[in-house]
Each structure stands twice: as C-alpha cells, then as structure tokens.
Amino acid sequence: MFNKTKNEKMTYGIVGLGRFGYALANELADSGCELIVLDHDEDKIREMRELTENAYVVASLDKKTLMDTGIQNCDVAVVCIGEHMDTSILTTLNLVSMNIPKVISKATSAEHGIILEKLGAEVVYPERDMAIRLASRLETSRMLDFVQLSEKINVTKMEIPEQAVGKTVLEINLRSRFGLNIIAIENNGAVIEVINPDYVFRKDDILFLSGSKEGLLKLNNWAMN
C-alpha cells in the first residue's frame, strides 16, 4: 500500500491506461512525480512498473479497491476512462468522496462533462482540446504553437510577419490593430521579456503573443497579404 510522507513531492493517481492515461503517466514520471497507476490490463501495468512501483492491476474500481491501493493519499487523481461512461462516473464519485484535494476526469462529450462537474471533478476534454489546437495551427500558417487558456484568452508562438521586419513595436502596434499583447520575443535562442516600444523587429524573431483567437487570425491574414 502506498503512503505519502510529509515531505514528498506531489503525488498523482492515474486510473485507466488508454492512450491519454498512458501518455499522462509517462509525462508525469519523466517530471519526477510520484505515481499510483491503476488498470485492469496486466500487460499495461507490467510496463508501468518500470516507472513506478505503485502500479496495480484492479478488477473493479469500487471504493474499497481504490482505497486498498492508497490512491486516497494522492494530491491529484485523474480518471482517464472515457469509453465507459458509467465506470468513469462511478470512479469519479468514489475518488471525490475520499476528499482527494483535486480530482480530474476525462470527458468524451458535453453531457458526460456536465455530470462529472456536478460530482465535483475538474473536467478535461483531450480529443476536443487537441482538435482546437490543431485547427488553430492549420488556420494560421505562421503559427508555431497554440494554447487556449479560455474562450477569450489564447497564447501563441509565431514567426514575425515579413511586413513587420525593420519596423518598431510602436509602428506595428499589434495591440491597437489586433488586440494582441507581446509577451516575449525570441531570436536565435535569446529571449527578450521586457519589450520596449522602440524595439525594431528582426527577420528571425519569434513572437509570443496573447489575445483572442479572432485577433490572431486577423494578424495571420495581415501577414499573408
């Protein structure tokens, strides 16, 4: 049984080793986090034991079985079950009732997500979020990466438009034109975090911008003209 001591790192419980759960467990392990991993598939659990000694084959996800693994001692528990909605909902309910500080559950539909939220879980939509991210990158040809923080706030990394090279931040004025703020500028590995209005854009500049998706699309359209 896994027990957390006072000075240990953040601990995460992963329930379900589908593609999402498997990738999440690997990323957290690479970051040095403590893990408890649960799944019914012996082969998947055997593989996970290379990352954590707290990997358990479970035939069911009732409250007693969950508690026997020690998952109630985690700081965060993530339910990565999406295909079987009933199992996802019951597992989330059990974990929330254990007073784990944060329970995060994967949802496969809006209706599924609403139920999970009402149970007290934080809900993620991996497939939808990945689709939004990919669509945004396809829509904006110069965009190198895109993260949606909310419906109104997005952060993107993009190449400097050719029209801006040789001009100052004040001359281009992305804030008034597109409602975008420059967070930082990278050039040849050097990052400038404090952007002065008289900074002159250079050919290889990479811009880190925040603002609405509409503003980012307008900037992209301007860059293509």
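Keep in mind the model is a prediction, meaning the values are calculated, not measured.

Draft legend 1. Local environment of the overall build of the protein. Helices and strands together make up the secondary structure of the protein, namely 9 helices and 11 strands. Burial analysis of the protein (225 residues in total) assigns 40% to the buried set. Contacts spanning at least 24 positions in sequence make up 55% of the contacts within the protein whose residues lie at least 6 apart. With an accessible surface of roughly 12800 Å², the protein has 52% of that area assigned to carbon and sulfur atoms.

Draft legend 2. Spotlight on the nonpolar core. Judged by nonpolar contacts, the single largest core of 16 residues is most densely connected at Val-15, Leu-38, Leu-66, Ile-71 and Leu-95. At the level of secondary structure, the elements contributing two or more residues to this core comprise strand E2 (34–39) and strand E4 (76–79). Residues within four places of Val-15 in sequence aside, it is in contact with Leu-38, Leu-61, Ile-71, Val-78, Val-79, Cys-80, Ile-81, Thr-91 and Leu-95. Listed in part, the 15 residues of the second largest apolar core include Ala-164, Leu-180, Phe-201 and Leu-209.

Draft legend 3. Representation of the sheet that holds strand E3 (residues 55–57). Spatially, 6 strands are ordered E3-E2-E1-E4-E5-E6 in an open sheet, and the strand pairing comes out parallel. Because the sheet does not close on itself, it has two edges, and the strands there are E3 and strand E6 (122–124). Taken pair by pair, the neighbouring strands of this sheet meet at an average axis angle of 15°, ignoring direction. Inspection of the sheet shows strand E1 (residues 11–15) paired to E4 by 4 bridges, in the parallel sense. Bridged to Tyr-12 within E4 is Val-76.

Draft legend 4. Looking closely at unusual backbone geometry. At Asn-173, a position not held by glycine, the phi torsion is positive, near 50°. Here Asn-173 shows up in the loop between helix H7 (169–172) and helix H8 (174–178). Looking at Asn-173, the relative accessible area reads 30%, which means it is partly exposed.

Draft legend 5. Representation of the pattern of salt bridges within the structure. Using the criterion set out here, one finds 4 salt bridges in the structure. Asp-43 is the partner of Arg-46 in a salt bridge, and the nearest nitrogen-oxygen pair spans 2.7 Å. Of this pair, Arg-46 and Asp-43 both sit in helix H2 (residues 42–48), 3 residues apart, which is roughly one turn of that helix. Glu-122 serves as the salt-bridge partner of Lys-102, at 3.7 Å between the closest nitrogen and oxygen. Taken together, the residues Lys-102 in strand E5 (residues 102–106) and Glu-122 in strand E6 connect sequence positions 20 residues apart. A relative accessible area of 40% means that Glu-122 is categorised as partly exposed.

Draft legend 6. Representation of the pairing of E5. Burial runs high along E5: 4 of the 5 residues are buried. The β-α-β motif built from E4, the intervening helix H4 (residues 85–97) and the parallel element E5 has right-handed crossover chirality. Since E5 and E6 lie parallel, the crossover through helix H5 (residues 110–119) that links them has a hand, and here it is right-handed.

Draft legend 7. Seen up close, helix H9 (residues 213–224). Look at H9: 17 Å from first C-alpha to last across 12 residues, which is about the 16 Å you get at 1.5 Å a residue. What H9 keeps buried is the set Gly-215, Leu-216, Leu-219, Asn-220 and Ala-223. Taken end-on, H9 shows its buried residues confined to a sector of 140°, consistent with a single buried face. Residues of H9 that are exposed and point over 90 degrees away from its buried face: Glu-214, Lys-218 and Met-224. For H9, the N-terminal cap is Ser-212; the gap from its side-chain oxygen to the backbone nitrogen of Gly-215 is 3.0 Å.

Draft legend 8. Structural view of the layout of surface pockets. The calculated volume of the second largest pocket comes to roughly 340 Å³. Forming the walls of the second largest pocket are 18 residues, and the residues nearest its centre are Gly-16, Asp-39, His-40, Ile-81 and His-84.

Draft legend 9. Main features of the side chain of Thr-52. Position of Thr-52 among the secondary structure elements: in the loop between H2 and E3. Using a relative accessible area of 8% as the deciding quantity, one classes Thr-52 as buried. Apart from residues lying up to four places away in sequence, Thr-52 is in contact with Leu-35 and Val-37.

Reading the values: the criteria
- Throughout this description, residue numbers start from 1 for each chain and increase along the sequence as written.
- Where totals are concerned, whole chains, interfaces and linings use all residues; where local detail is concerned, this predicted model gives features only for residues with pLDDT of at least 70, and gives and counts side-chain atom pairs only at 80 or more.
- Side-chain figures throughout are based on the complete set of non-hydrogen atoms in the structure, without hydrogens or water.
- Think of it this way: any DSSP run of H or I at least four residues long counts as a helix, any run of E at least two long counts as a strand, and we number them from the N terminus.
- Only protein chains enter the calculation, and the probe is 1.4 Å; a residue is then buried if its accessible area is under 20% of its type maximum, exposed if over 50%, and partly exposed in between.
- Here a residue-residue contact requires only that any non-hydrogen atoms of the pair lie within 4.5 Å.
- Residue burial considers only the protein chains on display, and all accessible areas are found by Shrake-Rupley using a 1.4 Å probe.
- The term nonpolar core refers to a set of buried residues drawn from Ala, Val, Leu, Ile, Met, Phe, Trp, Tyr and Cys, joined through side-chain atoms within 4.5 Å.
- Whether two strands pair depends on DSSP finding at least two bridges between them.
- Axis lines are fitted through C-alpha atoms, for helices just across the contact stretch, and the angle between N-to-C directions can take any value from 0 to 180 degrees.
- Counted as salt bridges are all cases of a side-chain nitrogen of Lys or Arg within 4 Å of a carboxyl oxygen of Asp or Glu.
- Think of it like this: strands point away, you trace from the first strand over the helix to the second, and a clockwise trace means the crossover is right-handed.
- By definition here, a helix of n residues has an expected span of 1.5 Å times n minus one.
- Note that the arc is computed from the directions linking the helix axis to the C-beta atoms.
- Polar contact is defined as a pair of N or O atoms within 3.5 Å, subject to the rule that within protein one atom must be able to donate a hydrogen and the other to accept it, and that residues adjacent in sequence are counted only when both atoms are side-chain atoms.
- Each cavity reported here is a set of points on a 1 Å grid over the protein atoms alone in which a 1.4 Å probe fits but cannot get out, each pocket an open set with protein on both sides within 12 Å along at least five of seven lines, and each lining residue one with an atom within 4 Å of a point.
- Grid points are joined across faces, edges and corners, and a volume is the space filled by probe spheres set on the points.

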